[in-house]
Amino acid sequence: MREDMTTGSKITRNAQLNAWIKEVAAMCLPDNIRLCNGSADEYQEMLSLMVSGKTARWLNPEKRPNSILVWSDPADVARVEDRTFICSPSKDDAGPTNNWAAPEEMKQTMRGLYAGCMRGRTLYVIPFSMGPVGSPIAHIGVELTDSPYVVANMIIMTRVGTSVLDVLGENGEFVRCLHSVGYPLVLADGTQRADVSWPCDGKQKYISHFPESKEIWSYGSGYGGNALLGKKCFALRIASVMAREQGWLAEHMLILKLTNPQNEVRYICAAFPSACGKTNLAMLSPTIPGWKVECVGDDIAWMKFGGDGRLYAINPEAGFFGVAPGTSDESNLNAMACLTRDSIFTNCALTDDGDVWWEQMTPRLPAHLIDWTAKEWTPDCGRNAAHPNARFTTPARQCPVIAPEWEDPQGVPISAVLFGGRRAGVIPLVTEAFNWRHGTFLGSIMGSETTAAAAGQVGTLRRDPMAMLPFCGYNMADYWAHWLGMGERSGAKMPRIFYVNWFRKDAEGRFLWPGYSENCRVLKWIFERCAGQAEALETPLGLIPEKGALDLRGLSLAADALDELLSVDIDGCRMELPSIEQYYQQFGSRLPEGLRHELKEFGKRLQS
Ligand code: GTP
Ligand code: SPV
Ligand code: MN
């Protein structure tokens, strides 16, 4: 099948794929082309290649068997939202919340950057499935990349291999994902240069999406969502466009399975912005006896209607690319258990005995470390040892609480959808929407304080509708209309919608709610609401738990904390009305009438 390794003319059975590989090879000029099969041997080979190329180091095999630590270029540590573009034919189709460029102009610019950008390197062809191979909810992509780090991460995060090419067959459709770190080893004038441990383009980065042709072109970064193109680029930005065209949902949501002491099961999705607690909630260890949480997915949910009119969700990914800092036996024992072996650590610190460390990992600070910038670190040095967006990549199957049905090609039926963000004030611990349309409204006005998951300032409040602000591949107002339309289509069979906030603070700036495992108390109330059991109180914002409806047995909360957690700050809501109106205004006539109506009703409820 591999007749011509340098031009890629017959590398697979799929003629379109072969032609595309050939075209990219002619532009990027790699020394070799390699078709990846996703095997264990290939994964090991990529790790060894990274270690010999000084991109990675092996961790102590007695501490973390078969695991590596990678340090990136300090200028390439997170998603670059200001370099992310939605190149739809018209600017209005990208909408006011996305960066836009005309497709052909962008392609022309990027062709200039891609020209010869893989000189001296290997072009890896990664056929991957988002979702169980062959599932009716799954979709196929092919990433072309010059980064072994990307290959290894994609093998963990997606299903890579020949079985994908079998499903693709001779004529199958796939999303084209082109990626280059943008660091050729032979320059245009023919001079050679040595590789560096984390190749990237320090000056230019582009993460471009072409929704019409369903293509992704990424250049200049090797990090996370900028480079692992199956994740945010495909599974959210491009998939959100596909979902709208085809009548389903592609969302930035975890999926969890909740079982009560009577062995009844409910599946719940939750959309929180980046670094706002999805991985933690997805694997939570409940503190209420008899309740169980199992994980189906921790970052992305694809939901399609089943024959019964309900929404069924799959996790399109196969691994976790999780935030390391803050992860500990205390906060997320199950994530820690995933990480005991066969994992990739990026921008974590190195201990003297060859293990990894990050902030809050252990109750006691290590006396000495090498930090993520390869400098000596001691507790008094005044710097973080790990980058705040340091990440682990680990196979989902290593999670001790992975749900047995996590790879069910049919997906799991969703009973509730949660929205949430970091809100120091105003928003209560939990609020239930009156109905789907009101829930869509709550999702659309969701705000959150920014985190280190994206380059830029941390801790400023921004609206992040449905946690999709950086991930919606088309006009946000049209996306809301799609949400409303989905609800009209399936009515009462749609999941109930809730708005949660683990991050409310007191006057001294301390979290009012213990969070983490204790969030199971809120999950229990949600479960019971879905079963028509727990009591709720009507407020202008929505339905909040009746006093006593929240199971707080065994939890010691400060005396007035609960009152504050379960109160709607009416004045605070009133003060936000103008900013919501202003926010909506930028969408002009594209704003769905249903949301305009909800905002009006909200205003009225706040007056009375
Ligand atoms: P992405 O992978 O970027 O999409 O992030 P995520 O939403 O999966 O966030 P994650 O679960 O990794 O949590 C990020 C940080 O939020 C953690 O380091 C915790 O410090 C913090 N966090 C998570 N859950 C809670 C909670 O219930 N309460 C508080 N106070 N902090 C939390
Ligand atoms: C996020 O930022 O929401 C992530 C990490 O899950 S990344 O893959 O870099 O997008
Ligand atoms: Mn995420």
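Above this text sits the structure in question.
Let me begin by describing the structure that accompanies this report. A quick note: this is a predicted structure, and the numbers were derived from the prediction, not measured. (Residues numbered from 1 in each chain as written. Chains lettered and ligands numbered in written order. Predicted model: local features only at pLDDT ≥ 70, side-chain atom pairs only at ≥ 80, totals over all residues. Heavy atoms only, no water.)

Tetrahedral coordination by four donors puts the ideal angle at the metal at 109.5 degrees, and octahedral coordination by six puts it at 90 or 180 degrees. Protein coordination of the manganese ion (ligand 3) is provided by K232 (NZ), H252 (NE2) and D299 (OD), with donor distances spanning 2.2 to 2.4 Å. Because the angles between the 6 donor atoms bound to the manganese ion (ligand 3) fall within 66 to 175 degrees, the donor set is best described as irregular. On the accessibility criterion, H252 (0% relative accessible area) is buried. Judged by its relative accessible area of 8%, D299 falls in the buried class. (Donors = N, O, S within 2.8 Å, 3.2 Å for Na, K, Ca; no water. Tetrahedral: all angles 85-135°; square planar, octahedral: opposite > 155°, others 65-115°. Buried < 20%, exposed > 50% of the residue type's maximum accessible area, 1.4 Å probe, protein only.)

All right, on to the sheet that holds strand β18 (residues 319-323) then. Whenever strands of a sheet pair, they do so through backbone hydrogen bonds, lying parallel or antiparallel. Reading across from one edge, β2-β3-β19-β24-β18 is the order of the 5 strands in this open sheet, with mixed pairing throughout. A strand with exactly one partner marks an edge of an open sheet, and here the two such strands are β2 (56-58) and β18. Neighbour-to-neighbour, the strand axes of this sheet turn through a mean angle of 20 degrees, independent of strand direction. The sheet contact formed by β18 and strand β24 (residues 391-395) spans 5 bridges and is antiparallel. What sits directly across from V323, in β24, is R391. Strands β3 (68-70), β18, β19 (344-346) and β24 of the sheet are contacted by helix α5 (residues 148-157), whose axis makes an angle of about 115 degrees with β18. (Pairing = 2+ DSSP bridges. Helix = DSSP H or I, 4+ residues; strand = E, 2+ residues; numbered from the N terminus. Axes fitted to C-alpha atoms, helices over the stretch in contact; angles between N-to-C directions. Contact = heavy atoms within 4.5 Å.)

Next up on the list: empty space enclosed by the protein. On inspection of all chains with the given rule, the structure shows 2 cavities of 30 Å³ or more. In this structure, the largest cavity encloses a volume near 60 Å³. Here the lining of the largest cavity takes 3 residues from helix α15 (residues 570-585), the largest share from any one element. By volume, the second largest cavity amounts to about 30 Å³. S240, A243, W248, L249, A250, E251, Y474, Y479 and H482 together form the lining of the second largest cavity. Listed by contribution, the elements that provide at least two residues to the lining of the second largest cavity are α8 (230-246), β12 (249-251) and α12 (476-490). In terms of residue count, the dominant contributor to the lining of the second largest cavity is β12 (3 residues). Looking at the lining of the second largest cavity, its residues break down into 6 nonpolar, 2 polar and 1 charged. (1 Å grid on protein atoms, 1.4 Å probe; cavity = no way out; pocket = protein on both sides within 12 Å on 5 of 7 lines; lining within 4 Å. Points joined across faces, edges and corners; volume = space filled by probe spheres on them. Nonpolar A, V, L, I, M, F, W, Y, C, P; charged D, E, K, R; others polar.)

A word on the pattern of salt bridges. This model, assessed by the stated rule, comprises 39 salt bridges. In this structure, E45 and R34 form a salt bridge, with 2.7 Å as the shortest nitrogen-oxygen distance. Pair noted here: E45 is in helix α2 (residues 40-52) and R34 is in strand β1 (residues 32-35), with a separation of 11 residues, a long-range link. When its relative accessible area of 37% is taken as the criterion, E45 is described as partly exposed. Between D551 and K524 there is a salt bridge, with the nearest N and O atoms lying 2.7 Å from each other. Here the residue D551 occupies a position in the loop between β31 (543-545) and α14 (561-565), and K524 occupies one in helix α13 (residues 520-530), the gap between them amounting to 27 residues. Each of K231, K232, K278, D299 and E317 takes part in a single network of salt bridges with overlapping partners. (Salt bridge = Lys/Arg side-chain N within 4 Å of Asp/Glu carboxyl O.)

Read these as spatial facts, not as claims about activity.
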